[in-house]
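Structure assessment
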Amino acid sequence: MKKRKIIGLLTIFAGLPGLGGFWLIGQLDNFPLMATVIIFNAIFFRGICGTIGGILIWRGSKWGYYLSLISWLYLVVVSVLTFNHLYNNGIVISYGFLEEHFSSFGRPLLLSLLKVLFGIPIVHIVLNDLLKTYKSNYSV
């Protein structure tokens, strides 16, 4: 497989915040069940798959492609679901609103937007490489 150093670096940076969920494990008995599920999903799909996948795709490993694909698909789907939830709740996004509530609303919105803008091309590239490898291994 081809070494994808830029994608590996972006995947590592996107996955590291998911590892922050390990700090919450000791407090999980205070959280509702759905919050616990969300924390474990973030730790596994974003943190572990993203960090290990980024390192492995940097080195050109096929498992790095799989784990990076899982991580970026998770990030894109969660971000799109966030946008959908905000739209369905009728939140009007204006510059004044974002400036006034930047820390609680603007920053998470900007990060979700960046995840979608970087995630979709990365998913396309990784999936394309995997499909090319699959076709070359099983051509008739």
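Treat the numbers as computed from the prediction; the structure is a model and nothing was measured. (Residues numbered from 1 in each chain as written. Predicted model: local features only at pLDDT ≥ 70, side-chain atom pairs only at ≥ 80, totals over all residues. Heavy atoms only, no water.)

**Examining the environment of Gln 27**
Cut-off, in case you're wondering: Strands are runs of DSSP state E lasting at least 2 residues, helices are runs of H or I lasting at least 4, and numbering of each runs from the N terminus.
Structurally, Gln 27 is set in the loop between α1 (5-19) and α2 (33-59). Considered as a pair, Gln 27 and Ile 7 are 20 residues apart in the sequence and their alpha carbons are 33 Å apart.

**Digging into the pattern of salt bridges**
Going by this rule: Any Lys or Arg side-chain nitrogen found within 4 Å of a carboxyl oxygen on Asp or Glu counts as a salt bridge. Partly exposed describes any residue whose relative accessible area lies between the buried limit of under 20% and the exposed limit of over 50%, with all areas from a 1.4 Å probe on protein chains only and scaled to the type maximum.
Per the stated rule, a full pass over the model turns up 1 salt bridge. Between Arg 4 and Asp 129 there is a salt bridge, with the nearest N and O atoms lying 2.8 Å from each other. One end of the pair, Arg 4, is in the segment before α1; the other, Asp 129, is in helix α5 (residues 102-137), and 125 residues separate them in sequence. Residue classification places Asp 129 among the buried positions, given a relative accessible area of 10%.

**Section: the packing of α2 against helix α3 (residues 62-88)**
Here is the rule: Only the stretch in contact is used when fitting a helix axis, every axis being a line fitted to C-alpha atoms; angles between N-to-C directions are given from 0 to 180 degrees. The scheme is simple: roughly parallel for angles under 35 degrees, roughly antiparallel for over 145, roughly perpendicular for 65 to 115, oblique for anything else. Helix crossings get a hand from a simple test, with the near helix turned counterclockwise from the far one by less than a right angle marking a left-handed crossing and a clockwise turn marking a right-handed one. Contacts were defined at the residue level, with two residues in contact if any of their heavy atoms lie within 4.5 Å. All amino acids are sorted into three groups, where Ala, Val, Leu, Ile, Met, Phe, Trp, Tyr, Cys and Pro are nonpolar, Asp, Glu, Lys and Arg are charged, and the leftover types, Gly among them, are polar.
Interhelical geometry of α2 versus α3 gives an angle of 140 degrees and a closest axis separation of 7 Å. As judged from the angle between their axes, α2 and α3 are oblique. You can see that α2 and α3 cross each other, and the crossing is left-handed. Contacts between α2 and α3 involve Ile 38, Asn 41, Ala 42, Phe 45, Arg 46, Cys 49, Gly 50, Ile 52, Gly 53, Gly 54, Leu 56 and Ile 57 from the first element and Trp 63, Gly 64, Tyr 65, Leu 67, Ser 68, Ile 70, Ser 71, Tyr 74 and Leu 75 from the second. Considering only residue class, the contact of α2 with α3 consists of 13 nonpolar, 7 polar and 1 charged.

**Considerations on the nonpolar core**
General note: in soluble globular proteins, nonpolar side chains tend to be found buried as a group. In plain terms, the rule: Note on terminology: a nonpolar core comprises buried Ala, Val, Leu, Ile, Met, Phe, Trp, Tyr and Cys residues joined through side-chain atoms within 4.5 Å.
By size, the foremost hydrophobic cluster in this structure holds 12 residues: Ile 7, Ala 14, Ile 57, Tyr 65, Leu 69, Trp 72, Tyr 74, Leu 75, Ile 122, Val 123, Val 126 and Leu 130. Those elements that place two or more of their residues in this core are α1, α3 and α5. By residue number, the principal contributor to this core is α3, which donates 5 residues.

**Let's talk about the packing of aromatic side chains**
Spelled out, the test is: When the centres of two rings from Phe, Tyr and Trp lie within 6.5 Å, Trp using its six-membered ring, the rings pair. Their planes under 30 degrees apart give stacked, over 60 give edge-to-face, and anything left gives tilted.
Within the structure shown, the criterion is met by 3 aromatic pairs. Both rings, one in Phe 44 and one in Phe 45, keep their centres 5.1 Å apart while their planes meet at 75 degrees; by these two values the pair is edge-to-face. Under the relative-accessibility criterion, Phe 44 is labelled partly exposed at 42%. Here Phe 45 falls in the partly exposed class, since its relative accessible area comes to 28%. Judged by centre distance (5.7 Å) and plane angle (75 degrees), the rings of Trp 63 and Tyr 66 are edge-to-face. Within this pair, Trp 63 and its partner Tyr 66 are both found in helix α3, separated by 3 residues, close to a single helical turn.

**Digging into the packing of α3 against α5**
Running from N to C, α3 and α5 cross one another at 145 degrees; their axes reach a closest spacing of 7 Å. Two packed elements cross with a definite hand, and for α3 against α5 that hand is left-handed. Here the contact of α3 with α5 is composed, by residue class, of 21 nonpolar, 6 polar and 3 charged.

**Quick notes on α5**
Definition in use: Expected helix span is taken as 1.5 Å per residue step, with the number of steps being one fewer than the number of residues. Throughout, the bend at a residue refers to the angle made by two axes, fitted to the seven residues ending there and to the seven starting there.
Relative to the 52 Å expected for 36 residues at 1.5 Å per residue, α5 spans 49 Å between its end C-alpha atoms, a close match to the ideal helical length. The axis of α5 is deflected most strongly, by about 30 degrees, at Gly 119, and proline Pro 121 appears within four residues downstream. Restricting attention to buried positions, one finds in α5 the residues Phe 105, Gly 106, Leu 109, Ser 112, Val 116, Gly 119, Ile 122, Val 123, Val 126, Asp 129, Leu 130 and Thr 133. Residues of α5 that are buried in the fold lie against α1, α2, α3 and α4 (95-100).

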